[in-house]
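# Secondary and tertiary structure notes
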Amino acid sequence: MDTAKLMSRGQVTIPKRIRDLLNLENGDYVTFVVNKDRVEIHNSNVFIEENIKK
């Protein structure tokens, strides 16, 4: 589990361990998926490949 602080402009820094797990690099996009009381963060390229291009 990792924790990040919400800043005044609504920004958070994704911890390095999570960025590495999602293969995120500077300039990449992420997709937020809300499911009831949880939010999933996905690498947008992977999310599109798995969910849109089927």
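Residues numbered from 1 in each chain as written. Predicted model: local features only at pLDDT ≥ 70, side-chain atom pairs only at ≥ 80, totals over all residues. Heavy atoms only, no water.

## As for the overall build of the protein
Cut-off, in case you're wondering: Starting at the N terminus, helices and strands are each numbered in turn, a helix being any DSSP run of H or I of at least four residues and a strand any DSSP run of E of at least two. Burial classification: accessible surface area is computed with a 1.4 Å probe over protein chains only, and a residue below 20% of its type maximum counts as buried, one above 50% as exposed, and the rest as partly exposed. The contact rule is simple, with two residues in contact once any of their heavy atoms fall within 4.5 Å. Surface accessibility follows the Shrake-Rupley procedure with a 1.4 Å probe radius. Residue values consider only the protein chains on display as shielding. In this count, Lys and Arg are taken as positive residues and Asp and Glu as negative ones, while His and the chain termini are left out. Lysine's charge is taken at NZ, arginine's at CZ, aspartate's at CG and glutamate's at CD.
Scanning the protein from terminus to terminus reveals two helices and two strands. In the protein, the succession of helices and strands from N to C terminus is α-β-β-α. Overall, the C-alpha framework of the protein stretches about 35 × 30 × 25 Å when taken along its three principal axes. Put simply, the protein has 54 residues, and 9% of those count as buried. By sequence separation, contacts in the protein at least 24 residues apart represent 0% of the contacts at least 6 residues apart. Carbon and sulfur atoms make up 51% of the accessible area of the protein, which totals about 5200 Å². Treating the 9 positive side-chain charges of the protein as one cloud and the 8 negative ones as another, the clouds have centres 6 Å apart.

## Points about the pattern of salt bridges
Oppositely charged side chains may form a pair once their charged atoms are brought near each other. Here is the rule we go by: Salt-bridge detection follows one rule: a side-chain nitrogen of Lys or Arg within 4 Å of a carboxyl oxygen of Asp or Glu.
Inspection of the entire model under this criterion finds two salt bridges. With its nearest N and O atoms 2.5 Å apart, the salt bridge here joins Arg-17 to Asp-2. Here Arg-17, found in helix H1 (residues 16-21), pairs with Asp-2, found in the segment before H1; they are 15 residues apart in sequence, far enough to count as distant. Among the residues examined, Arg-17 registers a relative accessible area of 44% and is labelled partly exposed. Using a relative accessible area of 34% as the deciding quantity, one classes Asp-2 as partly exposed. Between Asp-20 and Lys-16 there is a salt bridge; the shortest N-O distance is 3.0 Å. Note that Asp-20 and Lys-16 are positioned in helix H1 at a spacing of four residues, about one turn of the helix. Using a relative accessible area of 42% as the deciding quantity, one classes Asp-20 as partly exposed. Judged by its relative accessible area of 51%, Lys-16 falls in the exposed class.

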